[in-house]
Amino acid sequence: MADNDSHSGLPVPIPVDFPDALPLIVLRDQVVFPLALIPITVETESEFRLVNDVHNGERLLVLSAARDPKVENHNLGDIYEVGCIARVVQVQQRPDGGINVMLQTLKRCSINGFIRRDPYPVVRIVPIEDIVKNKDKLEALAAAVKTQMAQLIALSPNIPDGVQIIIESVENPSYLADMVAGNLSISNEEKQKILAQPEPQERITRLMYVLQRELEIMELSGKLHENVKSAFDKGQREFFLRQQLKAIQDELGEGGEEGGEAEGYRKRVEALDVSDDVRKELMREVDRLGRLHESSSDYHVILTYLDTVLELPWNKTTRDRLDIKRAEAILDEDHLGLERVKKRILEYLAVRKLKPDAQGPILCFIGPPGVGKTSLGKSIARALGREFGRMALGGVRDEAEIRGHRRTYVGAMPGRIIEMARKVQTRNPVVILDELDKLGNDFRGDPSSALLEVLDPAQNSTFTDHYLNLPFDLSKFMFIATANVGDTIPWALRDRMEIIEIPGYTQEEKFEIAKRYLVPRQLEAHGIKSSQLKISPAALRHIIANYTREAGVRNLEREIGHVCRGCARKFASRRKKPIRINIDDLREHLGAQKVHYDMVERTRMPGVVVGLAWTAVGGDILFIEATRMPGKGELILTGQLGDVMKESAQTALSYLHGNAVRFGIDPNAFTDYKLHIHVPAGATPKDGPSAGIAMMTAITSLLLGKPVKRALAMTGEITLRGMVLPVGGIKEKVLAASRAKVKEIILPELCRSMLEDDVPENIQKKLKIHFVSEMHEVLAIALGVEG
């Protein structure tokens, strides 16, 4: 029975002469019976007015249930024809503005039509009197209902014991039927059918059918409970529910053959080419699957796990193509230059050809953006005939991204390494670990530490993902990491990789790359035929020199794309004539040139020197400016300089102070003036020792009043004893000087071999390069000062 105290008491009907018309309140999801106390809530404006008028008048109204609770404005067909006349007992205002109304239902009535609808509905009614044909039979039926209710109360733990006492005290069969029907948990349609019967005998008969059905449901529930009681283990609620479901299926005759799906997985595991330990663990999971019902949450967890494991390429490999000449041709076809990288790949192929079981190398390409690190990995995979996969590691901060989540967690999944193996379906792919230098770490763990096992050839043959919890062989994977800078890669990770630095391209290499790859690719991307658009070699060189300043070719391709888009618009506007882009046409498509070479103008004054710097995006030139003002020998450094660069400036000042007479500098200049060194582009942080000789030259130029030789740039570290020490990034710096139209460069003597090995010969011939070992040699070249 429902939790409803409408019939908990025995209200006495009040004799009333009912009018022919009464206001109507339509009930949603509720059917009421006579002689019940009904609480309702009034919230609409029309119902407010109705209750107010009724409460101040005869206090009578009609209640009828809606056929569809979702309908707002009711017609006669939207409500049931039989309802109840009710009397307003109490009206109570709620704090939120609504009204609680207590009603006592009095008598059945039929609704015969609307008299009016506004401001609230008023309907014509006819009270329905009970028709008693056989009083003895009616009383016998009432006794049977009481017996059924006693049985139902005994079977249902949710019905209070006091209900039986109330039912036994009811003598009126008609009232008994209404009270029991009003409190049973049955549908509104069933209740309405009982309410609509004018004869108490028919009402009780229909009620007895409903009660018998409820008794059968309760008895079946008890029987099912007894059937599973013997298999019930305390605390195993989930098992109990599965047994109940099984018993229900048996009762309905729907019990099927068990273990069909588990048997399918068992056959797949037996056919899998894996070690005995792995097969044993998988069989254990299959056995667990067979004992679970498919409605269990663990069932689907195990199903997903087995699907993942069975889809992995445990012993599937692709055959390497070990044709050295073919591989060399592919590498040359896809990439211009990069001779050192190509040489290393061909060496690996040669070793694989001589020793097929040799472990694969773990390479790390470090270089500025846009030089082709990622695309080089694709070319390696093509040359070897292997599958290719890419993992973007930039911003990854969770160790579980690499090792996976343990299956105890909801929504657990394998890590990226296992997902990659599942995707490429081979045990020897080429996998690019992109942006390795941008890995993060936080409270969730350090993914770079998780990569230690992955990238260690001595350990990765038994890599264990947390989700799989099984060893998986990664020794035949060819991992290639890429990074822009090596400093942010943890040293333990760097120690496991072979570092190959990829410097920027020369102007001539960029021109060839643009002509062979970038222009055709952009023409295809914009739907333009090669016969429709030609970019002259002079225009291409002009774009390279005056619209881009980068180590790679990413911005160069972007500028070529701008030109193609401008031409595509013309062709889309029905232009038929082919277009040829010359230097004079570039301003129309690209605007004013973006790179300006003002080195001559900026180095015209004393105290200004051009230095060479290495950055994450390749080499670049930087200007170092010095000035002085009256003071007491202070040194001011600005331009977002790091600690090492500040120390280089202090070292240069100390060296010059100690050798002032030697270089013809007034010693009082170091005590009577305040020196200020500034490196422009102040928003960019700068650090490193390579600007040491440039800072010393700038101070000397300022104090002697001599400008530095024009179109001269320099790099090198200094010591207090006047030595010039080697620095890194020589190729990038020399290429940057060449792009900036520098004519002469000063480099440390110990960097001579780096220059000869790394810098293309045509670039070396364009520049006059001075190699120095001591500071006085620098000043002699830059300022003509002999010391």
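Being a predicted model, the structure only gives us computed values, none of them experimental.

Trainee: Lay out the environment of alanine 538 in plain terms, naming residues and giving numbers.
Mentor: Among the secondary structure elements, alanine 538 is positioned in helix H19 (residues 537-546). For alanine 538, a relative accessible area of 39% gives the class partly exposed. It is 9.8 Å that separates the C-alpha atoms of alanine 538 and phenylalanine 511, two residues lying 27 residues apart in sequence.

Trainee: Give a description of helix H2 (residues 135-155) that names residues and reports values.
Mentor: Taking 1.5 Å of rise per residue, the 21 residues of H2 would be expected to cover 30 Å, and the 31 Å separating its terminal C-alpha atoms lies within 8% of that figure. Among all positions of H2, only Leu138, Leu141, Ala142, Val145, Lys146, Gln148, Met149, Leu152 and Ile153 are buried.

Trainee: Tell me about the nonpolar core, and please be specific about residues and values.
Mentor: With 54 residues, the main nonpolar core has Leu282, Trp314, Leu436, Val454 and Phe479 as its most contacted residues. At the level of secondary structure, the elements contributing two or more residues to this core comprise helix H8 (260-271), helix H9 (276-291), helix H10 (297-310), strand E7 (363-366), helix H15 (416-424), strand E9 (430-434), helix H16 (447-454) and strand E12 (478-483). No other element matches H10, which puts seven residues into this core. Ignoring anything within four residues of it in the chain, the contact list for valine 454 reads Ile402, Ile417, Asn460, Phe463, Leu474 and Phe479. Judged by nonpolar contacts, the second largest core, of 53 residues, contains Val32, Ile40, Tyr175 and Ile194.

Trainee: Please set out the state of the cysteines residue by residue, giving values where relevant.
Mentor: Taken as a whole and assessed by the stated rule, the structure comprises zero disulfides. Cysteine 84 supplies the cysteine sulfur nearest to cysteine 109, a cysteine that is in no disulfide, at a spacing of 6.9 Å. Left unpaired, cysteine 567 is separated from the closest cysteine sulfur, that of cysteine 564, by 6.7 Å. On the basis of relative accessibility, which here comes to 0%, the residue cysteine 567 falls in the buried class.

Trainee: Can you tell me about the sheet that holds strand E13 (residues 498-501), naming the residues and giving the values?
Mentor: Spatially, five strands are ordered E8-E9-E12-E7-E13 in an open sheet, and the strand pairing comes out parallel. With partners counted over all chains shown, the strands left at the sheet margins are strand E8 (388-392) and E13, one partner each. The sheet shows a mean angle of 20° between the axes of neighbouring strands, direction not considered.

Trainee: Could you give me a rundown of unusual backbone geometry, with the residues and numbers involved?
Mentor: Most peptide bonds take the trans form, and the phi angle of most residues other than glycine is negative. For the peptide bond that leads from aspartate 118 to proline 119, omega is 0°, which places it in the cis range. Residue placement: proline 119 occurs in the loop between strand E5 (99-116) and strand E6 (122-127). The backbone of glutamine 425 shows a phi angle near 55°, a positive value even though the residue is not glycine. Within the secondary structure layout, glutamine 425 lies in the loop between H15 and E9.

Trainee: Can you explain the packing of aromatic side chains? Please cite residues and give values.
Mentor: Counted by the stated rule, this structure contains four aromatic pairs. Between phenylalanine 477 and phenylalanine 479, the ring centres sit 5.4 Å apart and the planes meet at 25°, which makes this aromatic pair stacked. In this structure, arginine 117 packs its charged tip against the face of phenylalanine 114, placed 4.2 Å from the ring centre. The cationic tip of arginine 541 hangs over the ring face of phenylalanine 511; the distance from NZ or CZ to the ring centre is 3.8 Å.

The rules we used
Residues numbered from 1 in each chain as written. Predicted model: local features only at pLDDT ≥ 70, side-chain atom pairs only at ≥ 80, totals over all residues. Heavy atoms only, no water. Helix = DSSP H or I, 4+ residues; strand = E, 2+ residues; numbered from the N terminus. Buried < 20%, exposed > 50% of the residue type's maximum accessible area, 1.4 Å probe, protein only. Expected span 1.5 Å × (residues − 1). Core = buried A, V, L, I, M, F, W, Y, C linked by side-chain atoms within 4.5 Å. Contact = heavy atoms within 4.5 Å. Disulfide = S-S within 2.5 Å. Pairing = 2+ DSSP bridges. Axes fitted to C-alpha atoms, helices over the stretch in contact; angles between N-to-C directions. Phe/Tyr/Trp six-rings, centres within 6.5 Å; stacked < 30°, edge-to-face > 60°. Lys NZ or Arg CZ within 6 Å of the ring centre and 35° of its normal.

These figures come from the coordinates and say nothing about function on their own.
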